[in-house]
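A closer look at the structure
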Amino acid sequence: MISYNPSLYKDYCIYRRRYIPDELVSLKGDTIYYISDELILTSWKALKKRPDIAGGLSAYFPKLGVKVSKKLSEDGKLVYWYNDICEVVFDGKNITMNDMLLDLLVYPDGNIRLVDSDEFAEAMEKDIITKEQSIRTMKSLSKLLDMVYSDRYDELQGPVEQLESFLAQNPVPGTQKFL
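The structure contained in this document is the topic of the report that follows. (Residues numbered from 1 in each chain as written. Predicted model: local features only at pLDDT ≥ 70, side-chain atom pairs only at ≥ 80, totals over all residues. Heavy atoms only, no water.)

Time to look at the nonpolar core. Of all hydrophobic cores here, the largest spans 33 residues; its most connected members are Leu144, Tyr153 and Leu156. Secondary-structure elements contributing two or more residues to this core are strand 5 (55-61), strand 6 (66-72), strand 7 (78-91), strand 8 (94-106), helix 1 (117-125), helix 2 (131-149) and helix 3 (154-169). A total of five residues in this core trace back to one element, the largest contributor, which is strand 8. The residues contacting leucine 144, other than those within four sequence positions of it, are Val66, Asn83, Ile85, Leu104, Tyr153 and Leu156. Core analysis: the next-biggest nonpolar cluster, separate from the first, contains eleven residues, Ile14, Ile32, Ile95 and Met97 among them. (Core = buried A, V, L, I, M, F, W, Y, C linked by side-chain atoms within 4.5 Å. Buried < 20%, exposed > 50% of the residue type's maximum accessible area, 1.4 Å probe, protein only. Helix = DSSP H or I, 4+ residues; strand = E, 2+ residues; numbered from the N terminus. Contact = heavy atoms within 4.5 Å.)

With respect to the helices and strands, the residue isoleucine 35 is situated in strand 3 (residues 31-35). When its relative accessible area of 16% is taken as the criterion, isoleucine 35 is described as buried. In this view, isoleucine 35 contacts Tyr9, Tyr12, Ile40, Phe90 and Ile95; residues no more than four positions away in its chain are not counted.

Taken as a whole and judged by the stated rule, the model has five aromatic pairs. Centroid distance tyrosine 4 to phenylalanine 166: 4.7 Å. Interplanar angle 40°. Geometry classified as tilted. On the criterion of sequence distance, the pair formed by tyrosine 4 in the segment before strand 1 (13-18) and phenylalanine 166 in helix 3 is long-range, its members being 162 residues apart. Among the residues examined, tyrosine 4 registers a relative accessible area of 14% and is labelled buried. Here phenylalanine 166 falls in the partly exposed class, since its relative accessible area comes to 25%. Each member of the aromatic cluster is reached from another via a ring pair, and the members are Tyr80, Tyr82 and Tyr107. The ring of tyrosine 82 has lysine 71 sitting right over it, with the charged end atom 4.4 Å from the ring centre. (Phe/Tyr/Trp six-rings, centres within 6.5 Å; stacked < 30°, edge-to-face > 60°. Lys NZ or Arg CZ within 6 Å of the ring centre and 35° of its normal.)

Further remarks concern the side chain of lysine 71. By secondary structure assignment, the location of lysine 71 is in strand 6. Salt bridges are absent for the buried lysine 71, whose nearest opposite-charge side chain, aspartate 84, sits at 6.2 Å. Residue contacts for lysine 71: discarding those within four places in its chain leaves Trp44, Ile53, Gly55, Lys77, Leu78, Val79, Tyr80 and Tyr82. (Lys, Arg positive; Asp, Glu negative; His and termini not counted. Salt bridge = Lys/Arg side-chain N within 4 Å of Asp/Glu carboxyl O.)

A few words on the pattern of salt bridges. Per the counting criterion, the structure on display carries 14 salt bridges. With a shortest N-O distance of 3.4 Å, aspartate 22 and arginine 17 are connected by a salt bridge. On the basis of relative accessibility, which here comes to 27%, the residue arginine 17 falls in the partly exposed class. Glutamate 161 is the partner of lysine 70 in a salt bridge, and the nearest nitrogen-oxygen pair spans 3.2 Å. With lysine 70 in strand 6 and glutamate 161 in helix 3, this residue pair connects regions lying 91 residues apart in the sequence. The class of glutamate 161 is partly exposed, set by a relative accessible area of 34%. Connected through salt bridges with shared partners, the residues Lys10, Asp11 and Lys93 form a single ionic network.

The terminal C-alpha atoms of helix 2, which comprises 19 residues, lie 27 Å apart, in line with the 27 Å expected from a rise of 1.5 Å per residue. Where helix 2 is concerned, the buried positions are Gln133, Ser134, Thr137, Ser140, Leu141, Leu144, Met147 and Val148. Buried positions in helix 2, seen along its axis, are confined to an arc of 150° and lie on one side of it. More than 90 degrees from the buried face of helix 2, the exposed residues found are Lys131, Lys139 and Tyr149. For helix 2, the secondary structure elements touched by its buried residues are strand 6, strand 7, strand 8, strand 9 (112-115), helix 1 and helix 3. Taken from the residues just after helix 2, aspartate 151 is the one with a positive phi, measuring 55°. (Expected span 1.5 Å × (residues − 1). Arc of directions from axis to C-beta.)

Structure (C-alpha cells):
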C-alpha cells in the first residue's frame with residue numbers, strides 16, 4: 001500500500017533532460033506524492049498553455065525505463081496516455097528524467113502511436129546518446145509494447161489511477177491541483 005505524502009518530498013526536485021532540443025528543465029511545479037527506486041508518482045499542470053492538455057498525473061518506473069502520464073483536458077477528461085521512454089537518475093533529492101526521445105501514445109479507444117522516432121534516429125546518428133543508451137531505450141520500448149499488446153498495460157496505469165482516485169477523495173492541502 002502506497003502512502004501518498006507530498007510533505008515528505010517537498011525538498012525534492014525532478015528535472016527533465018531532453019536531448020533534442022538540448023535542455024534541462026526543472027519540473028518544480030509538479031507535486032511529488034511518492035518516491036521509491038521502483039516508482040515515482042506526481043501530478044502536474046502543463047508547463048505551457050495548450051488547448052488540448054491542461055495537466056495530469058505521472059508514474060515513473062525507473063527500472064522499466066518508462067514514464068506513464070495520464071494527460072487530461074481542461075475539463076478533466078482523458079486525452080491520451082503518454083509514455084516516455086526514459087532513464088531516471090537519482091542524485092540525493094534531485095531526480096533527473098532523461099527523455100530518450102521515443103514516446104508511445106495510447107488513446108482511449110485503444111489505438112497506439114509511436115512518435116519521435118526521427119529524433120531518436122538523429123540522436124543515434126549524431127552520437128548525442130550512447131550505444132548503451134540506445135540499446136536500453138529499445139529494450140524499454142519493447143517491454144512497454146509487450147505490455148500493451150498482451151493486455152497488461154493496466155499494470156502501468158494502475159498507480160496513476162490509484163493516485164487520481166486518492167486525490168479525488170482526499171485533496172492534499174498545500175499542493176498544486178493538477179486541474
